[in-house]
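Letter by letter, the chains look like this.
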Amino acid sequence: MTVIMADEHLYTYGVIDGADRELAVDGVAGATRLYTVEYRTLSAVVSDIDTLEPEQTDENLRAHDEALQTIMSDEDIEAVVPMRFGMVFKSARPLKNVLRGSRSVLTRTLNDIEGTVEMGLKLVAEEGVTVDRESVREDVSGRLRGVSVEETENGLFSDRLVLNRSYLVERDDREAFDAAIAGIEDEYGGSLITQYTGPWAPYNFVDLEIGVDR
Amino acid sequence: MSVAASGRPSSESLAEIVDRILDKGLVVDVWARVSVVGIEILTVEARIVVASVDTFLHYAKNISTLEIASQSGDLEDLQNLEFGSSPMVQPAPDVPDHRIGEAESEAEEQEAEAQ
């Protein structure tokens, strides 16, 4: 058996369902082309890279995010399991091996997040304003429950941060979700600053670690 | 960063990106990323925390382990190994790591066949 050694390593952005694809998108470390490495029904979206440890520069971080944005904006791609920054594989061989070994869980995860996006919502109290945090949080939950699939609580790292959540939203419900956010801003505009971001790959709804037992 | 009256989101700030891509997402152990076939027994371990309605917290600690024999040096020929667990039926937040017996024995069988 011949083992083909690749000259380049592979920087991975995420895992999608099937289909060979190529995207003319700028990637991490100056890459200009994204393509897929497949194992049966799964594909990892990758670009060539010459290091196993890419630097965490602003440029590279943004490139990783932008590549995922492009993947998500492709109508033919229903879901993407996003990789953490810096997941470089030595070659296609270990990548296929990982896809193969975790195929079942990746497939199930892709099914769970199919057709959804993550939206971020932070509510920050205006300087010197006191709000009834609990009632705001409950009210917001109630307004968004019907237009989202799931919510997660993220850290309240500042005293002024009243709410910090991620929502998993069906693509088809985006307009309704946007409208509900606008309603929240109308209601609390005088006392709270609304920070609404997305769509993101569902980072806060996918938590997978694949390791090696040595 | 303030939301427009339409309710549509603003573009992402670097801080928002960092919050996600450095702390969240699929992580693959460096050994699994550099291991080449034929050198060692490769074990792929997946920690499953897939969010699905009402189940996110329930299986936050559900851990499945799948061992893959790679000594034969011909992984492509090995049949795909499936996880035996389903997160939908395992609301067990305090259950310790466990191994999927069938998957392991299947791997061993295949390894034996390959040799």
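These numbers come from a predicted model, not from an experiment.

1. Some details on the overall build of chain B
Each helix and strand counted, chain B has three helices and four strands in total. In sequence order, chain B lays out its α and β elements as α-β-α-β-β-β-α. Summarising the internal contacts of chain B: among those between residues at least 6 apart in sequence, 56% fall at separations of at least 24. Counting every atom, chain B has about 5600 Å² of accessible surface; 53% of that belongs to carbon and sulfur.

2. Notes on the overall build of chain A
A tally of regular secondary structure across chain A gives five helices and eleven strands. C-alpha atoms of chain A, sized along the principal axes, occupy 70 × 40 × 30 Å. When burial is assessed residue by residue, chain A has 58% of its 214 residues classed as buried. Sequence separation of 24 or more characterises 75% of the internal contacts of chain A that already satisfy a separation of 6 or more. Counting only carbon and sulfur atoms, one obtains 42% of the accessible surface of chain A, whose full area is about 9200 Å². Separation of charge centres in chain A, based on 21 positive and 43 negative side chains, amounts to 7 Å.

3. Remarks on the sheet that holds strand S7 (residues 116–125) of chain A
Residue and element names in this part refer to chain A. If you trace the four strands from one edge of the open sheet to the other, you get S8-S9-S7-S10, paired in antiparallel fashion. The outermost strands of the open sheet, each flanked by one partner alone, are strand S8 (150–153) and strand S10 (192–200). Each neighbouring strand pair of the sheet contributes to a mean axis angle of 20°, computed without reference to strand direction. Along the sheet, helix H4 (residues 133–145) makes contact with S7, S8, strand S9 (161–170) and S10, crossing S9 at roughly 10°.

4. Side note on the confidence of the model for chain B
All names here are of chain B. Residues with a pLDDT of 70 or more make up 22% of chain B, whose mean pLDDT is 51. For chain B, per-element mean pLDDT is lowest for strand S3 (residues 63–68), which scores 34, and highest for helix H1 (residues 14–21), which scores 91. Within the model, the stretch residues 1–5 combines pLDDT values under 50 with 19 contacts to residues more than four positions away or in other chains. Across residues 38–42 the pLDDT falls below 50, and counting only partners more than four positions away or on other chains, this stretch makes 15 contacts in the model. At the level of chain-chain contacts, confidence expressed as ipTM amounts to 0.88, with global pTM at 0.75.

5. Observations concerning the domain arrangement of chain A
Residues and elements named next belong to chain A. Taken as a whole, chain A is organised into domain 1 (9–114) and domain 2 (116–204). Each partner contributes residues to the interface: domain 1 has 13 residues there, and domain 2 has eight residues. Taken over both partners, the interface formed by domain 1 and domain 2 buries close to 870 Å², and the fraction arising from carbon and sulfur atoms is 53%. The interface formed by domain 1 and domain 2 includes zero salt bridges. Scanning the region where domain 1 abuts domain 2 turns up seven residue pairs in polar contact (both at pLDDT 80 or more). Looking at the side of domain 1 that touches domain 2, the elements that each hand over two or more residues are helix H1 (58–73) and strand S5 (80–82).

6. A word on the packing of H4 of chain A against helix H5 (residues 174–188) of chain A
Residue and element names in this part refer to chain A. Orientation of H4 relative to H5, taken along the N-to-C sense of each, is 155°, at an axis distance of 10 Å. With respect to their mutual orientation, H4 and H5 come out roughly antiparallel. Handedness of the crossing formed by H4 with H5: right-handed. Listed contacts from H5 to Ser135, Val136, Asp139, Val140, Arg143 and Leu144 of H4 are Phe177, Ala180, Ile181, Gly183, Ile184, Glu187 and Tyr188.

7. Observations regarding the packing of aromatic side chains
Tallied over the full model, the rule gives four aromatic pairs over all chains. Ring plane angle 55° and centroid distance 5.5 Å describe the contact between Tyr167 of chain A and Phe177 of chain A, whose orientation is recorded as tilted. With Tyr167 of chain A in strand S9 and Phe177 of chain A in helix H5, this pair connects stretches of sequence that are ten residues apart. Phe177 of chain A carries the same exposure label as Tyr167 of chain A, and that label is buried. Through a chain of ring-to-ring contacts, the aromatic side chains of Tyr11, Tyr13 and Phe85 of chain A assemble into a single cluster. The ring of Trp200 of chain A carries the charged tip of Arg20 of chain B above its face, separated from the ring centre by 4.1 Å.

8. Structural notes on the packing of H1 of chain A against H1 of chain B
Orientation of H1 of chain A relative to H1 of chain B, taken along the N-to-C sense of each, is 70°, at an axis distance of 10 Å. Judged by the inter-axis angle, H1 of chain A sits roughly perpendicular to H1 of chain B. Contact residues: H1 of chain A offers Asp58, Leu61, Arg62, His64 and Asp65 of chain A, while H1 of chain B offers Leu14, Ile17, Val18 and Ile21 of chain B. For the contact of H1 of chain A with H1 of chain B, the per-class residue count stands at five nonpolar, one polar and three charged.

Cut-offs and rules
- Residues numbered from 1 in each chain as written.
- Chains lettered and ligands numbered in written order.
- Predicted model: local features only at pLDDT ≥ 70, side-chain atom pairs only at ≥ 80, totals over all residues.
- Heavy atoms only, no water.
- Helix = DSSP H or I, 4+ residues; strand = E, 2+ residues; numbered from the N terminus.
- Contact = heavy atoms within 4.5 Å.
- Areas by Shrake-Rupley, 256 points an atom, 1.4 Å probe, with all protein chains shown as cover.
- Buried < 20%, exposed > 50% of the residue type's maximum accessible area, 1.4 Å probe, protein only.
- Lys, Arg positive; Asp, Glu negative; His and termini not counted.
- Charge placed at Lys NZ, Arg CZ, Asp CG, Glu CD.
- Pairing = 2+ DSSP bridges.
- Axes fitted to C-alpha atoms, helices over the stretch in contact; angles between N-to-C directions.
- pLDDT = per-residue confidence, 0-100.
- Domains from an automatic or database assignment.
- Buried area = accessible area lost by both parts, 1.4 Å probe.
- Salt bridge = Lys/Arg side-chain N within 4 Å of Asp/Glu carboxyl O.
- Polar contact = N/O pair within 3.5 Å; in protein donor to acceptor, adjacent residues only side chain to side chain.
- Parallel < 35°, antiparallel > 145°, perpendicular 65-115°, else oblique.
- Left-handed = near helix turned anticlockwise from the far one by under 90°.
- Phe/Tyr/Trp six-rings, centres within 6.5 Å; stacked < 30°, edge-to-face > 60°.
- Lys NZ or Arg CZ within 6 Å of the ring centre and 35° of its normal.
- Nonpolar A, V, L, I, M, F, W, Y, C, P; charged D, E, K, R; others polar.

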